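Close look at the chain arrangement
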Amino acid sequence: MGSEQNPLLVSKIGIIGAGISGIAAAKELRAYKPFVFEATDSIGGVWKHCSYNSTKLQSLRCDYEFSDYPWPERDNMNFPSHLEILEYLHSYANHFDVMKLIHFNTKVVEIRLVRDRETIDYGTLLPGQPVWKVAVKTNQSETLEWYAFEFLVICIGKYGDIPKMPEFPQNKGPEVFKGKVMHSLEYCKLDKEAATELVRGKKAIVVGYKKSGIDLAMECAEANQGPEGQPCTMVKYAVSKFVESYLTWKLPLDKYGLRPEHPFLEDYASCQMAILPENFFEEADKGTIRFKRAFKWWFWDGGIEFEDNTKLEADIVFLSTGFDGKKKLKTILPEPFRSLLEYPSGLMPLYRATIHPLIPNMAFVGYIESVANLHSAELRCKWLSGLMDGLFKLPSVEKMLEDTTKEIKVMKSTTRFYKRHCISTYSINHDDEICEDMGWASWRKKSWIAELFSPYTSQDYEEHK
Ligand SMILES: Cc1cc2nc3c(=O)[nH]c(=O)nc-3n(C[C@H](O)[C@H](O)[C@H](O)COP(=O)(O)OP(=O)(O)OC[C@H]3O[C@@H](n4cnc5c(N)ncnc54)[C@H](O)[C@@H]3O)c2cc1C
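Structural notes, computed from the coordinates. Everything numeric here is computed off the predicted structure, so don't read it as measured data.

**Let's talk about the overall build of the protein chain**
Within the protein chain one finds 14 helices and 16 strands. By residue count, 39% of the 465 residues in the protein chain fall in the buried class. When contacts within the protein chain are restricted to residue pairs at least 6 apart in sequence, those whose partners lie at least 24 apart make up 71%.

**Some points on helix H6 (residues 211–223)**
Taking 1.5 Å per residue, 13 residues should reach 18 Å; H6 reaches 19 Å between its end C-alpha atoms and fits that length. For H6, a buried count of twelve out of 13 residues is recorded, marking the element as mostly surrounded by other parts of the structure. Residues of H6 that are buried include every one of Ser 212, Gly 213, Ile 214, Asp 215, Leu 216, Ala 217, Met 218, Glu 219, Cys 220, Ala 221, Glu 222 and Ala 223, and no others.

**What to know about the pairing of strand S7 (residues 151–154)**
Burial along S7 is two-sided: Phe 151 and Val 153 and Leu 152 and Ile 154, pointing in opposite directions, are all buried. Of the pairings in the sheet, the one linking strand S1 (residues 13–16) to S7 comprises four bridges and is parallel in character. Bridging from a neighbouring strand, Ile 13 pairs with Phe 151 of S7.

**A few points about the site of the ligand**
In the vicinity of the ligand lie 35 residues, with Gly 17, Gly 19, Gly 45, Gly 157 and Gly 366 positioned nearest. Elements with a minimum of two residues in the shell around the ligand: helix H1 (20–28), strand S4 (106–113) and helix H11 (373–388). Of the residues in the shell around the ligand, the class split is 17 nonpolar, 15 polar and three charged.

**A look at the packing of H1 against H11**
Think of two packed helices as two axes; the pair is described by the angle between the axes and how far apart they sit. Two elements in contact, H1 and H11, have axes separated by 9 Å at closest approach and are oriented at 30 degrees. Overall, the two elements H1 and H11 adopt an arrangement that is roughly parallel. The crossing of H1 and H11 is right-handed. Every residue of H11 that contacts H1 at Ile 20, Ser 21, Ala 24, Ala 25 and Glu 28 is listed here: Leu 374, Ala 377, Glu 378, Cys 381, Lys 382, Leu 384 and Ser 385. Grouping the amino acids of the contact of H1 with H11 by side-chain chemistry returns seven nonpolar, two polar and three charged.

**Some words on the sheet that holds strand S16 (residues 362–364)**
Paired through backbone hydrogen bonds, the strands of a sheet run either parallel or antiparallel to each other. With parallel pairing, five strands are arranged side by side in an open sheet as S3-S2-S1-S7-S16. The two strands at the open ends of the sheet, each matched to only one other strand, are strand S3 (102–103) and S16. Pairing of S1 with strand S2 (residues 35–37) involves three bridges; the strand directions are parallel. Counterpart to Ile 16 in the pairing with S2 is Phe 37. Across the face of the sheet, H1 comes into contact with S1, S2, S3 and S7 while running at roughly 160 degrees to S1.

**Let's talk about the environment of Ser 91**
Here Ser 91 is to be found in helix H3 (residues 82–95). Ser 91 sits 20 residues away from Trp 71 along the chain, and the two C-alpha atoms are 9.6 Å apart.

**Some points on the nonpolar core**
By size, the foremost hydrophobic cluster in this structure holds 101 residues, and its most contacted members are Ile 23, Ala 25, Val 153, Ile 205, Val 206, Ala 217 and Phe 318. By residue number, the principal contributor to this core is H11, which donates eight residues. The residue makeup of this core includes at least three contributed by each of domain 1 (8–160 + 325–461) and domain 2 (174–319). Setting aside chain neighbours within four positions, we find Ala 217 in contact with Val 206, Cys 232, Met 234 and Ile 289.

**Digging into the sheet that holds strand S10 (residues 232–236)**
The five strands are arranged S8-S15-S9-S10-S11 in an open sheet whose pairing can be described as parallel. The open sheet terminates on both sides in strands that have one partner only, identified here as strand S8 (180–183) and strand S11 (289–293). Along the sheet, successive strands turn relative to each other by an average axial angle of 20 degrees, direction set aside. Bridging between strand S9 (residues 204–207) and S10 involves four bridges; their strand directions are parallel. Following the sheet pairing, Val 206 is matched in S10 by Met 234.

**Examining unusual backbone geometry**
Going from Glu 335 to Pro 336, the amide bond is cis rather than trans, its omega being 5 degrees. If you trace the backbone, Pro 336 turns up in the loop between helix H9 (325–332) and helix H10 (337–340). Of note, Asp 97 is a non-glycine position whose phi angle comes to about 55 degrees, a positive value. With respect to the secondary-structure elements, Asp 97 resides in the loop between H3 and S3. Not every positive phi belongs to a glycine, and Asn 361 is a case in point at roughly 50 degrees.

**As for H3**
Helix length check: H3, at 14 residues, gives a terminal C-alpha distance of 20 Å against a target of 20 Å (1.5 Å per residue), a fit within 8%. Along H3, the positions that sit buried rather than exposed are His 82, Ile 85, Tyr 88, Leu 89, Tyr 92 and Ala 93. Taken down its axis, H3 places every buried residue within 130 degrees of arc, on the same side. Those residues of H3 that are exposed and angled more than 90 degrees off the buried face are Asn 94 and His 95. On its buried side, H3 packs onto H1 and helix H2 (46–49). Following H3 by one or two positions, Asp 97 adopts a phi angle in the positive range, close to 55 degrees.

**Digging into the environment of Ser 184**
Inspection of the secondary structure puts Ser 184 in helix H4 (residues 184–187). Of the residues examined, Ser 184 has 23 C-beta atoms within 10 Å and is grouped as buried. The spacing of Ser 184 and Ser 212 is 28 residues in sequence and 7.5 Å in space, taken between C-alpha atoms. For Ser 184, the residues in contact, after removing those within four places along its chain, are Ser 212, Leu 216, Phe 318, Leu 319 and Ser 320.

Definitions and cut-offs
- Residues numbered from 1 in each chain as written.
- Predicted model: local features only at pLDDT ≥ 70, side-chain atom pairs only at ≥ 80, totals over all residues.
- Helix = DSSP H or I, 4+ residues; strand = E, 2+ residues; numbered from the N terminus.
- Buried ≥ 20, exposed ≤ 12 C-beta atoms within 10 Å, placed from the backbone.
- Contact = placed C-beta atoms within 7 Å.
- Expected span 1.5 Å × (residues − 1).
- Pairing = 2+ DSSP bridges.
- Near = placed C-beta within 6 Å.
- Nonpolar A, V, L, I, M, F, W, Y, C, P; charged D, E, K, R; others polar.
- Axes fitted to C-alpha atoms, helices over the stretch in contact; angles between N-to-C directions.
- Parallel < 35°, antiparallel > 145°, perpendicular 65-115°, else oblique.
- Left-handed = near helix turned anticlockwise from the far one by under 90°.
- Core = buried A, V, L, I, M, F, W, Y, C linked by C-beta atoms within 7 Å.
- Domains from an automatic or database assignment.
- Arc of directions from axis to C-beta.

This is the structure we're talking about:
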């Protein structure tokens with residue numbers, strides 16, 4: 001067993017996390033036999049641990065697909081369920097024989113630099129001696145196991161694991177409420193029967209306006225059909241970013257006070273679009289789903305109260321208030337790197353959306369978002385593999401900082417909601433740069449006509465095109 005003084009040397013490259021980012025990294029770097037740590041007993045990340053029974057992909061299969069591993073029914077226009085996504089991911093991992101690289105129930109709890117920071121050459125990614133050591137907690141033992149690596153790929157995801165909880169004035173938090181309060185992460189753990197049982201016949205409130213809130217309200221409505229059914233009220237407590245992805249003229253947004261207060265493009269530019277479940281507005285018409293707009297809210301013993309002095313009664317309040325991905329990352333990274341995560345602008349500066357210019361021998365996959373997250377992660381893993389193989393080199397730290405600072409400026413100018421690292425409005429440019437680094441043609445179609453008229457999909461990024 002590896003101790004802190006004598007960590008195990010099992011591979012040059014360590015990968016942390018086995019969601020789509022981690023399995024894509026393992027597949028692309030498999031020549032190096034990377035050692036993959038996965039905290040849970042399964043691959044798939046959010047699709048396994050952060051999905052409701054009704055969660056579906058918001059993209060079509062062909063837009064959420066590995067470039068060299070098509071979905072079995074890729075032209076099926078139905079959005080696949082989270083279980084179908086898991087099946088696809090398992091099939092991919094088995095096909096490329098990456099399961100053997102993954103070590104389940106191994107949670108990385110701490111990362112430390114092995115060497116003196118001043119002596120590290122940031123440009124040498126595999127220097128022949130360990131740069132990082134990681135402490136791992138397993139199910140079998142209370143004692144931490146230590147491993148050392150020359151390079152680490154961080155794929156722990158931005159969602160799940162750590163819920164983001166709202167803050168309340170004194171004596172107005174969940175402790176004063178007589179009913180039940182549950183974060184959506186906890187609700188994800190329930191099977192269909194338990195979830196239905198929990199909400200059937202109960203007055204529910206869902207606080208949150210994004211996809212997880214919308215789906216949760218829909219599940220509450222479905223469990224509350226018939227005369228015994230109780231309504232579920234969705235509370236949108238911030239500027240509405242609701243359903244702009246649907247054409248406003250087609251939907252009864254005004255009727256339900258849901259017309260967005262900002263242009264559609266801003267949501268697209270901040271990757272905040274949500275696809276509504278079928279029958280959502282039918283449930284609203286029936287009154288099983290209701291809406292309340294509010295900027296401030298807090299608990300009273302019977303439910304929640306708003307700044308306009310109105311009160312809503314509830315048996316159960318769901319907090320669909322998101323996750324703290326930054327905290328998850330900060331918990332394992334050591335200082336001074338932890339403090340550098342948001343340098344210089346509040347957003348994580350990542351060169352080619354993968355390398356933090358000031359953190360040596362480490363890559364981050366799954367931290368930028370686009371309208372096709374799987375493709376973004378996979379292409380960056382291919383790029384990383386080219387980098388490891390020495391096909392091209394990283395520019396200087398100064399150049400990487402200059403590039404990332406410029407990119408963040410552009411991101412901020414396209415949307416007020418720039419807190420997510422979202423490249424949706426310029427992902428093609430991003431992909432072009434990645435292709436050029438790898439020595440690939442950035443025009444990836446077979447003909448001019450196709451280049452002009454057919455949309456890009458992940459299959460256009462299969463190797464050797
Ligand atoms: C409900 C929901 C719906 C979504 N829908 C879409 C969609 O329709 N389209 C789209 O493009 N994107 C969607 N996304 C975004 C989604 O997060 C990405 O598409 C993608 O699945 C993220 O994969 P990942 O591997 O980067 O992270 P994750 O899936 O979060 O995987 C991270 C993995 O790391 C493991 N891990 C975490 N910490 C540690 C540790 N310390 N040690 C070891 N292992 C660790 C976790 O257990 C997990 O398995 C959705 C997200 C959610 C939550």
